[in-house]
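Topology and contacts: notes
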2 protein chains.
Amino acid sequence: MSIFNVDLKKVVDDSYEIEIGYGLTNRLVEDLEGGLVGKIKKFAVVTDSNVRDLYAKPICEQLIKSGFQIDLFAFPAGEKSKTRQTKERIEDAMLEKGYRRDCAIIAVGGGVVTDLAGFVAGTFGRGVPFINYATTLLAAADASVGGKTAVDTPLATNLIGLFNQPKKVYIDIDTWKTLPKREVVSGMSETIKHACLGSLDMFEFIEEKLEDILSFQKFACEYIAESNCRIKYSVVMKDEREKGLREVLNLGHTVGRAVETVSDYRLLHGEAVGIGITAQALLSARLGYMSEEEEARVIALLSRTGLPTKLPDYIDREALVRKLYTDKKVRDGKLRFVLQKGIGGVVEFSPGVYARPIEEELAREIIMEL
Amino acid sequence: MSIFNVDLKKVVDDSYEIEIGYGLTNRLVEDLEGGLVGKIKKFAVVTDSNVRDLYAKPICEQLIKSGFQIDLFAFPAGEKSKTRQTKERIEDAMLEKGYRRDCAIIAVGGGVVTDLAGFVAGTFGRGVPFINYATTLLAAADASVGGKTAVDTPLATNLIGLFNQPKKVYIDIDTWKTLPKREVVSGMSETIKHACLGSLDMFEFIEEKLEDILSFQKFACEYIAESNCRIKYSVVMKDEREKGLREVLNLGHTVGRAVETVSDYRLLHGEAVGIGITAQALLSARLGYMSEEEEARVIALLSRTGLPTKLPDYIDREALVRKLYTDKKVRDGKLRFVLQKGIGGVVEFSPGVYARPIEEELAREIIMEL
């Protein structure tokens, strides 16, 4: 018997920049010419059917003009496309076009595109670099920091994927204006979530400037883009691999994710999370972590934004309760919720543990109230 | 316009132990009880139809007896199972059985099992720990060091996957005895490859002790298990992500991989690599990097081992030439080969570059000679 030691301790630097601005295609071209991903000249631009003509094609044209080798890979827009099958189709299309390991991926779109493209990049040729060009508020709020990439499966959302950091993220605020109103509103839920869990100041800013944000005023939009990055970053930095603290970012997502699935994606992710934030606020107030006034303030802000705070009638409540058990925070068969502590903080259930076990009966009661 | 810096520099320690011995199930149980993967109690044992009854089931029984929660996931044996579809089936079966992020995977089998299970582990719940229990000489030689996991696709072998280090590897030499003779011989090709590229001493040891190895004499088997780890490790350590030096491990694989695919897997991986090692030896001698005597010695050792050094008649030579272009070492549409320099070394084509561009015409000539 003998032991052979494989020593693989090393310093890894996955640092990157998020650039927030207006019309950033030129900046992307400059960065690629400046060696953002080394000498790579071959790029797969991954996008969806909504964004293709609006942003992805113009970006491709400009990159081709600058001498890069570009192919565009578009899939049907929507969360329903975030599957292993779509990933496979993109991979096969890339292989078909001769893509091997000497390429990089540019994701142009919202959260579904960046989640999927980042996952493709993570396993294509055992990992090629990728860049996110975020064209939605939701992607700006949620997908820019954290390195989470994933797809959904029939049995669970976001459970197949990996942690993969982009080389750079562009948040192009110009693009928000072309989003359908419903998408903008939906995108606000992750922003409100960040305020709820991390910053009373940000919460009050949104309360005060909500109309400015929804009408894309420069200052208000830049403020929330930056605040989203700052809050998410402060959490992710301390817990990149989601061992503890990072679970706080799951605020509103226990019920939110389940509602999204049970609605069969009739509700957008952000809309479902609006209901999920409401659910945890009710729960938090019930358990004494928030005052009733604070609870009402959270729900009022969601409502003013245009987010749902009630379950649609077509949702089967018992199916929803059962669906909660597919949540990734479930441990030993027990439901666990992240809960707000007042506004701008979260409950630390025990040292380093932020997801609190909740009895099914209590969860059911809250769901019946929704 | 503003820039937000995401600073993600950190020290990562992916070190692990390889334990080489005889009948190591008890050691596995002891290690898990000792906290090898922390407090995890739930394990998915992934195996194939050949290994299931012979080793995976007894291991499962012993783990269950020790209080662990175990499920066995077996897929049909063979390289043809190394696909995204098999990965998906294992994932779905795990999700179905309630596996979430608080689990780990134990791969019990040869290289196909460890490649596939390591990939599943890398993306299940965005990464859960995994352990390899290697039951073939090939897995011991090839899959124990390096962290490469992958699946094949219709258009390319091993191009979808990731680098993922196991928590521990067990090389159970006892298991080699139950392998069919053809598998043992096939497994020797990666061992001979390591000797060819890294150690004249090891090459001479194999020349001298070949019969001892093939009859599983303790000293000879331990020597080659350790030498394989040592040579592969010395390469991988210097280039974990295959930027340059690590390509030397691809010796014999340019033609080998292509032959394997064009044979539609009638040839085992190791058999195909035997032909691939022969091909690069011919090429190396032709280009003056090896003497004719050295070339003959390499081919003689492959032959004595029982590995093929000639292409079977049914292989379409032109299809094989075309297939070479799916090799991952291809750059800018050019074939690139790793070549032996004498015995125990490789050609460094330019500083840090070990894959040498080869004209298609020359590659074709060599293939016609095979």
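All figures in this text were calculated on a predicted structure; none of them were measured in a lab.

All right, on to helix α3 (residues 84–96) of chain A then. All names here are of chain A. With 13 residues, α3 should reach 18 Å at 1.5 Å per residue; the first-to-last C-alpha distance of 18 Å fits that figure. Of the positions making up α3, those classed as buried are R84, T86, K87, E88, I90, E91, M94 and L95. Taken from the residues just after α3, G98 is the one with a positive phi, measuring 85 degrees.

Moving on, we get to the relation of the copies chain B and chain A. Between chain B and chain A, which share one sequence, the superposing operator has a rotation angle of 180 degrees and an axial displacement of 0.0 Å; the RMSD is 0.0 Å. Each copy turns onto its partner about a two-fold axis. Residues of chain B ranked by C-alpha distance from the rotation axis are headed by V11(B), positioned 2.1 Å from it. Interface residue correspondence from chain B to chain A reaches 99%, placing this contact among same-surface, isologous pairings.

Turning next to the interface of chain B and chain A. Taken together, the contact between chain B and chain A spans 67 residues of the former and 66 residues of the latter. Interface area, chain B with chain A, both sides summed: about 6,400 Å², of which 54% is carbon and sulfur. Per-residue buried area on chain B facing chain A is highest for F4(B), R101(B) and R126(B); these three make up 15% of the total on that side. Of the charged contacts, one joins R84(A) and D92(B) as a salt bridge, the two residues approaching to 2.8 Å between their closest N and O atoms. At the junction of chain B with chain A, the criterion picks out 32 residue pairs in polar contact (both at pLDDT 80 or more). Mapped onto the side of chain B that touches chain A, the elements with two or more residues apiece are β1 (2–6), β2 (9–13), β3 (16–21), α3 (84–96), α4 (111–123), β8 (148–153), β9 (156–163) and α8 (218–238) of chain B.

Before going further, it helps to examine the confidence of the model for chain A. With 99% of its residues at a pLDDT of 70 or more, chain A has an overall mean of 94. Both scores are given for the predicted complex: the pTM is 0.89, the ipTM 0.88.

Rolled over the atoms, a probe sized like a water molecule indicates the empty space that remains. Across all of its chains, the model carries 3 cavities of 30 Å³ or more by this definition. Of the pockets and cavities examined, the largest cavity occupies roughly 120 Å³. Taken together, R84(A), K87(A), E88(A), E91(A), F119(A), I160(A), R84(B), K87(B), E88(B), E91(B), F119(B) and I160(B) make up the lining of the largest cavity. Secondary structure elements with two or more residues in the lining of the largest cavity: α3 of chain A together with α3 of chain B. When grouped by side-chain class, the residues that make up the lining of the largest cavity number 4 nonpolar, no polar and 8 charged.

Attention now moves to the pattern of salt bridges. All names here are of chain A. Across all of its chains, the model carries 70 salt bridges over all chains by this definition. Across the pair E17 and K168 runs a salt bridge whose closest N-O atoms are separated by 3.1 Å. Here the residue E17 occupies a position in strand β3 (residues 16–21), and K168 occupies one in strand β10 (residues 168–172), the gap between them amounting to 151 residues. For K168, a relative accessible area of 2% gives the class buried. A salt bridge links R257 to E79, with the shortest nitrogen-to-oxygen separation between them at 3.7 Å. One end of the pair, R257, is in helix α9 (residues 253–262); the other, E79, is in the loop between β5 (69–75) and α3, with 178 residues separating them in the sequence. Taken individually, R257 and E79 each receive the classification buried, so the pair is uniform in this respect. Salt bridges sharing partners connect three or more residues here, namely E17, E19, R27, E30, D31 and K168.

Conventions we followed
- Residues numbered from 1 in each chain as written.
- Chains lettered and ligands numbered in written order.
- Predicted model: local features only at pLDDT ≥ 70, side-chain atom pairs only at ≥ 80, totals over all residues.
- Heavy atoms only, no water.
- Helix = DSSP H or I, 4+ residues; strand = E, 2+ residues; numbered from the N terminus.
- Expected span 1.5 Å × (residues − 1).
- Buried < 20%, exposed > 50% of the residue type's maximum accessible area, 1.4 Å probe, protein only.
- Least-squares fit on C-alpha atoms with pLDDT ≥ 70 in both.
- Contact = heavy atoms within 4.5 Å.
- Buried area = accessible area lost by both parts, 1.4 Å probe.
- Salt bridge = Lys/Arg side-chain N within 4 Å of Asp/Glu carboxyl O.
- Polar contact = N/O pair within 3.5 Å; in protein donor to acceptor, adjacent residues only side chain to side chain.
- pLDDT = per-residue confidence, 0-100.
- 1 Å grid on protein atoms, 1.4 Å probe; cavity = no way out; pocket = protein on both sides within 12 Å on 5 of 7 lines; lining within 4 Å.
- Points joined across faces, edges and corners; volume = space filled by probe spheres on them.
- Nonpolar A, V, L, I, M, F, W, Y, C, P; charged D, E, K, R; others polar.

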